[in-house]
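# Commentary on secondary and tertiary structure
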Amino acid sequence: MSSVSSQKPTRYRWVICSMLFFATTINYLDRQVLSLLQPLLEEQFHWTDNDYGTITAVFSLFYAISLLFAGRFVDRVGTKKGYAWAIAIWSFGAALHALCGIVTEHYVGLPDASALRMAQGADIVSQITMVSITAFVICRCVLALGEAGNFPAAIKATAEYFPKKDRAFATGIFNSGANVGAILAPLTVPVMAEVWGWETAFLVVGAIGFVWLGFWQFIYKSPENNPRMNAAERAYIEQDQVLEAGTGTIAAKTANGSASVGVMGVPMVDKGAGMTAEVPAEEAVADKMTIWQSLHYRQTWAFAVGKFLTDGVWWFFLFWTPAYLKAQYDMTGTQVAWPIAVLYTITVAGSVFGGKFPTYFINRGMNPYAGRMRAMLIIAFFPLAVLLAQLLGYISYWVPILLIAVGASAHQAWSANIYSTVSDMFPKGAVATITGIGSMAGGLGSVFIQKGAGMLFTYSDETRLVFFGFEGKPAGYTIAFIYCAIAYLLAWAIMKSLVPRYRQIVP
């Protein structure tokens, strides 16, 4: 024992965190290619905003459904295999998009992209639109199936390699990969599309995922079997089990729904008919849950509601900001590169420092959940800045970009913390399952926002809708920004009402 306490811990956990960061970077490179190419693709395939909304909504829906099973799959096969399958599938799906133009040309009988773009006549245009949408939807579904495994696997790996006090920070770091991917995409995708054609962009980002997969197979091992870690680092990672066993904070749900703790902090679990029995803390931590069992806990529903109301906001910024710049400022192609890159550069700060923020309260005596919820309440006020995006947009396109950046940065800070509430309260064996359930809810919320946005923008353009002094599509974006601004305060209030105080779950 003394030799372990005097030993300097290795820091291999940060190698794992860096792998999660790069995977998330690739994840967001893959999913953002379509949004950056949307202005080009809508001309080639004659899409409306409603058509584009359909593609993004179907992606969100299939992603949401896949998340429900992805979390359970990762818990069943383990972090290493689960992540490997996920990135292999989504990288294949990303590359598959390159065939959509060829499929459309072949099906409608036109020779090339120029012929598709110049096609006239309601029948041929309608056919081009229908075939291309179908092709892209199929590719997006393959992409969604694989990408659904990213966050459940990453959150599970974080729970395996970090103690609770460090998880939000580690999550913030790997989650900042979403911002880096969103920065790299506008700086590279439009250039590749302009020089080599839009198909190349999909092929290149798809290939990058397979490179990561090779490194993952070599680098990742579970902490207990990892020869590159010493006993001191393992002890640091497992410190929560010792603390909880000693202080009695591990609670189990009894037959009447209350939480109980046994002698010396050993948790009590339901044995039926109100009877309880003591279970060693280390055994309880390893417990897994079925999806049905998970739904019995308010903690699951709090996480799911928080994701449902807020995930779509991030996806709206991700999928619609290039289209917004075109509608509002007539910017396309490489013109949007720097504004989008600056936007997501700013969001890196929200992801990293937002994940660190709760430690200010935790180090002053709050339990992890209470500290995290306090931080999330403060974070939830920052997206209100988006309310001014349209009102001040006449000054310069940089004004809405910077205000959206504040909202997007706040989302990343919020995301780092809401993910960590799962590992705060649930055993490690259930983390990916709960993450999958909540992420599915977030995906469903995104379905409504993506499809609703497409319908709203098409309707506002066709009817010349007037709202707050804006007309047409700008009026539609004003309405969308209002929801983006208030979603987080609404989500926090519901989460707090469902789980007012910290209670760890032992199934």
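Owing to the predicted nature of the structure, the values given are computational and were not obtained by experimental measurement.

## Side note on the overall build of the protein chain
Per the secondary structure count, the protein chain includes 21 helices and six strands. Taking all 507 residues of the protein chain together, 57% fall into the buried category. At a minimum sequence separation of 6, the contacts of the protein chain that also span at least 24 residues come to 80%. Accessible surface computed for the protein chain: about 19,700 Å², of which carbon and sulfur atoms make up 67%.

## Some remarks on helix α15 (residues 298-329)
Between the first and last C-alpha of α15 there are 45 Å, a value that for 32 residues agrees with the 46 Å anticipated at 1.5 Å per step. Roughly 55° is the biggest bend found in α15, and it falls at tryptophan 320, with proline proline 322 one to four residues downstream. Burial within α15 is extensive, with 24 of its 32 residues counted as buried. One or two steps after α15, the chain reaches aspartate 330, where phi turns positive at roughly 55°.

## A look at helix α10 (residues 198-219)
Residues three or four positions apart in an α-helix share a direction because the helix packs 3.6 residues into each turn. The terminal C-alpha atoms of α10 lie 33 Å apart, and with 22 residues this matches the ideal 32 Å at 1.5 Å per residue to within 8%. Among the residues of α10, those classed as buried are Trp198, Ala201, Phe202, Val205, Gly206, Gly209, Trp212, Leu213, Trp216 and Ile219. Buried residues in α10, looked at end-on, bunch into an arc of 135°, giving them a common side. Exposed and oriented more than 90 degrees from the buried face of α10 are Val211 and Phe218. Structurally, α10 contributes buried residues whose contacts are with α2 (12-45), α4 (79-96), α5 (100-108), α7 (122-147) and α9 (164-196).

## Quick notes on the nonpolar core
Of all hydrophobic cores here, the largest spans 140 residues; its most connected members are Phe136, Phe316, Phe317 and Trp414. In terms of residues, this core owes the most to one element, α2, which gives 16 residues. Tryptophan 414 has contacts with Gly306, Thr310, Met376, Ile379, Ala380, Tyr488, Ala491, Trp492 and Met495, leaving out every residue within four places of it along the chain.

## Thoughts on unusual backbone geometry
One non-glycine residue, histidine 46, lies in the positive phi region at around 60°. Tracing the backbone shows histidine 46 in the loop between α2 and α3 (49-77).

## Here's the deal with the pattern of salt bridges
Per the stated rule, a full pass over the model turns up eight salt bridges. A salt bridge links arginine 13 to glutamate 233; the shortest N-O distance between them is 3.1 Å. Of this pair, arginine 13 sits in helix α2 while glutamate 233 sits in helix α11 (residues 231-237), and the two are 220 residues apart along the sequence. With respect to class, arginine 13 is no different from glutamate 233; both count as buried. Its salt-bridge partner being aspartate 311, residue lysine 307 comes within 3.1 Å of it at the nearest N-O pair. With lysine 307 and aspartate 311 both in helix α15 and four residues apart, the pair spans about one turn of that helix. A relative accessible area of 11% means that aspartate 311 is categorised as buried.

## Quick notes on the packing of aromatic side chains
Within the structure shown, the criterion is met by 41 aromatic pairs. Put simply, the rings of Tyr52, Phe316, Phe317, Trp320, Tyr324, Tyr329, Tyr397, Trp398, Phe457, Tyr477 and Phe481 pair up and form one aromatic cluster. The ring of tyrosine 28 has arginine 31 sitting right over it, with the charged end atom 4.4 Å from the ring centre. For the cation-ring pair, arginine 374 lies above phenylalanine 361, with the distance from its terminal atom to the ring centre recorded as 5.6 Å.

## Quick notes on the environment of valine 336
Position of valine 336 relative to the elements: it lies in the loop between α15 and α16 (337-356). Under the relative-accessibility criterion, valine 336 is labelled buried at 3%. When the C-alpha atoms of valine 336 and proline 190 are compared, they prove to be 8.8 Å apart, with 146 residues separating the residues in sequence. Here valine 336 is in contact with Leu36, Leu325 and Met331, once residues within four sequence places are set aside.

## With respect to the environment of valine 204
Looking at where valine 204 falls in the secondary structure, it is placed in helix α10. The exposure class of valine 204 is partly exposed, given its relative accessible area of 33%. Expressed as a C-alpha distance, the spacing of valine 204 and alanine 95, which sit 109 residues apart in the sequence, is 7.4 Å.

## Here's the deal with the side chain of threonine 300
In this fold, threonine 300 is placed in helix α15. Those residues within four positions of threonine 300 in sequence are excluded, and the remaining contacts are Ser294, Leu295, Phe426, Ile434 and Ile437.

## Quick word on the confidence of the model for the protein chain
In the predicted model, the protein chain carries a mean pLDDT of 84, and 89% of its residues have values of at least 70. Note that residues 247-286 has pLDDT below 50 and, in this model, 76 contacts with residues that lie over four places away or in other chains.

## Quick word on the side chain of asparagine 417
By the secondary structure assignment, asparagine 417 is in helix α19 (residues 398-425). With near-sequence residues (within four places) excluded, asparagine 417 lies in contact with Ala168, Gly354, Gly355, Pro358, Arg372, Met376 and Ile379.

How each quantity is defined
Residues numbered from 1 in each chain as written. Predicted model: local features only at pLDDT ≥ 70, side-chain atom pairs only at ≥ 80, totals over all residues. Heavy atoms only, no water. Helix = DSSP H or I, 4+ residues; strand = E, 2+ residues; numbered from the N terminus. Buried < 20%, exposed > 50% of the residue type's maximum accessible area, 1.4 Å probe, protein only. Contact = heavy atoms within 4.5 Å. Areas by Shrake-Rupley, 256 points an atom, 1.4 Å probe, with all protein chains shown as cover. Expected span 1.5 Å × (residues − 1). Bend = angle between axes of the 7 residues up to and from the residue. Arc of directions from axis to C-beta. Core = buried A, V, L, I, M, F, W, Y, C linked by side-chain atoms within 4.5 Å. Salt bridge = Lys/Arg side-chain N within 4 Å of Asp/Glu carboxyl O. Phe/Tyr/Trp six-rings, centres within 6.5 Å; stacked < 30°, edge-to-face > 60°. Lys NZ or Arg CZ within 6 Å of the ring centre and 35° of its normal. pLDDT = per-residue confidence, 0-100.

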